[in-house]
Amino acid sequence: MDPVQVDLGGVPETLLWNLYQRATEARQDHPVLRDPKAVELVEAIDYPFTARFGSGELGQWQALRAATFDREVRRFLGTHADGTVVALGEGLETQFWRVDNGRVHWLTVDLPETVEVRTRLLGPATGRQSVAAVSALDPAWMDRVDPRRGVLVTAQGLLMYLQPAEVHGLVADLAQRFPGAELVLDGVPPWFSQRTQAGQMRTKQGYVTPPMPWALDAAERRRLLAIPGVDEVRDLVPPRGRGLLHGWVAPVVNRSARVRALGLTGLPILRLRFAAA
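Note that this is a predicted model, so its numbers are computed, not measured.

A.B. asks: Outline the overall build of the protein chain, listing residues and values.
C.D. replies: Within the protein chain, the regular secondary structure consists of 11 helices and 9 strands. Over its C-alpha trace the protein chain gives a radius of gyration of 18 Å, about what one expects of a compact globule, namely 19 Å for 277 residues. Overall, the C-alpha framework of the protein chain stretches about 50 × 45 × 35 Å when taken along its three principal axes. For the protein chain, the residues scored as buried account for 53% of the 277 residues in total. Roughly 12,600 Å² of accessible area belongs to the protein chain as shown, and the carbon and sulfur atoms make up 53% of that amount.

A.B. asks: Give a description of the sheet that holds strand E3 (residues 84–88) that names residues and reports values.
C.D. replies: Strand order in the open sheet formed by 7 strands is E5-E4-E3-E6-E7-E9-E8, and the pairing between neighbours is mixed. Unpaired on one side and paired on the other, strand E5 (129–132) and strand E8 (230–236) mark the two borders of the sheet. Here the average twist between neighbouring strands, direction ignored, is 20 degrees. Of the pairings in the sheet, the one linking E8 to strand E9 (residues 269–274) comprises 6 bridges and is antiparallel in character. Bridge pairing in E9 links Asp235 to Leu270. Strands in contact with helix H4 (residues 59–79) are E3, strand E4 (105–109), strand E6 (151–155), strand E7 (182–186), E8 and E9; relative to E6, the strand with the most contacts, it is inclined by about 175 degrees.

A.B. asks: Give me the lowdown on the environment of Val109, citing residues and values where you can.
C.D. replies: Turning to its location among the elements, Val109 is positioned in strand E4. A relative accessible area of 0% places Val109 in the buried class. For the pair Val109 and Arg271, spaced 162 residues apart in sequence, the C-alpha separation works out to 19 Å. In this structure Val109 touches Val86, Ala87, Leu88, Gly89, Glu90, Ala132, Val134, Ser135, Ala136 and Trp141, once residues within four positions along its chain are discounted.

A.B. asks: Got a sec to walk through the packing of aromatic side chains? Specific residues and values, please.
C.D. replies: When we look at a pair of aromatic rings, we describe it by the centre distance and by the angle of the planes. Enumeration over the complete set of coordinates arrives at 10 aromatic pairs. Seen in terms of ring centroids, Phe53 and Tyr207 are 5.0 Å apart; in terms of plane orientation they differ by 85 degrees. Their pairing is edge-to-face. Of this pair, Phe53 sits in helix H3 (residues 49–53) while Tyr207 sits in the loop between helix H8 (190–197) and helix H9 (218–225), and the two are 154 residues apart along the sequence. For the pair shown, Phe53 and Tyr207 are each scored as buried. Their ring planes at 75 degrees and their centres at 5.5 Å tell us that Trp191 and Phe192 sit as a pair that is edge-to-face. Here the aromatic cluster, defined as three or more aromatic residues joined through ring pairs, consists of Tyr20, Tyr47, Phe49, Phe53 and Tyr207.

A.B. asks: Hey, could you go over the packing of helix H1 (residues 10–26) against H4 for me, with residue numbers and the actual values?
C.D. replies: At a minimum axis separation of 7 Å, H1 and H4 run at an interaxial angle of 100 degrees. As far as their axial angle goes, H4 and H1 are roughly perpendicular. Each of Trp17, Asn18, Gln21, Arg22 and Glu25 in H1 lies in contact with H4, whose residues at this interface are Gly59, Gln60, Trp61, Gln62, Ala63, Arg65 and Ala66. When the residues that make up the contact of H1 with H4 are grouped by side-chain class, the tally is 4 nonpolar, 5 polar and 3 charged.

Parameters at a glance
- Residues numbered from 1 in each chain as written.
- Predicted model: local features only at pLDDT ≥ 70, side-chain atom pairs only at ≥ 80, totals over all residues.
- Heavy atoms only, no water.
- Helix = DSSP H or I, 4+ residues; strand = E, 2+ residues; numbered from the N terminus.
- Rg over C-alpha atoms; globule rule 2.2 N^0.38 Å.
- Buried < 20%, exposed > 50% of the residue type's maximum accessible area, 1.4 Å probe, protein only.
- Areas by Shrake-Rupley, 256 points an atom, 1.4 Å probe, with all protein chains shown as cover.
- Pairing = 2+ DSSP bridges.
- Axes fitted to C-alpha atoms, helices over the stretch in contact; angles between N-to-C directions.
- Contact = heavy atoms within 4.5 Å.
- Phe/Tyr/Trp six-rings, centres within 6.5 Å; stacked < 30°, edge-to-face > 60°.
- Parallel < 35°, antiparallel > 145°, perpendicular 65-115°, else oblique.
- Nonpolar A, V, L, I, M, F, W, Y, C, P; charged D, E, K, R; others polar.

This is how it looks when you write it as structure tokens:
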């Protein structure tokens with residue numbers, strides 16, 4: 001197949017960064033995340049990944065984040081084998097192929113330009129997979145979800161690009177529309193958010209991380225829990241990786257409630273549970 005050209009900028013371009021980091025880790029001899037589909041995609045795309053993003057030194061960090069989401073999806077499918085997973089802002093995430101149990105119903109929700117790229121590379125959604133080419137903030141996609149079999153919504157690498165009021169509004173809408181469902185999300189600590197908004201997060205190659213207005217700390221956790229219909233907010237700890245940083249330092253830091261409260265962890269991931277009807 002001829003290489004597929006992809007021309008994206010701003011927040012949509014981050015899907016290429018995420019894909020590249022996962023593929024870089026998947027190429028390791030003993031990866032923390034096996035993701036052959038990501039490797040296939042990187043090889044199929046005509047894009048200067050290394051020149052734009054560097055050597056993929058954050059590959060293990062990104063893969064551990066994805067592995068945490070995978071673990072949550074598998075946990076959900078353990079009790080809702082025919083349930084629906086809604087992946088908000090999925091980009092070129094290849095999670096479906098990592099966790100598919102042969103019965104799950106999967107809805108990808110993303111912007112039209114991103115869906116167009118995803119369709120060109122992964123083919124049209126068929127069978128148990130479907131796509132809603134709208135913003136995650138557009139409630140129209142919620143009409144596509146059958147809540148009777150159970151619902152898990154994921155927002156991986158998305159909410160930090162929204163305004164705090166937009167995040168709170170989305171969570172409130174989900175709690176109202178899908179009582180008893182769960183939402184797994186990640187964010188960035190306040191210091192990271194501040195640096196992105198100042199344009200200070202950039203690679204040596206010149207790639208600048210888009211602004212991330214929404215950040216996660218103890219105060220924001222309390223605000224999320226105060227949203228009507230949110231029954232529980234729980235921190236999730238990524239699996240142990242390899243090496244000194246990801247194998248020893250990060251697991252200790254991520255398990256520290258005080259560190260999380262201060263917003264110092266580099267990988268805040270939460271599970272929100274909505275009150276049953």
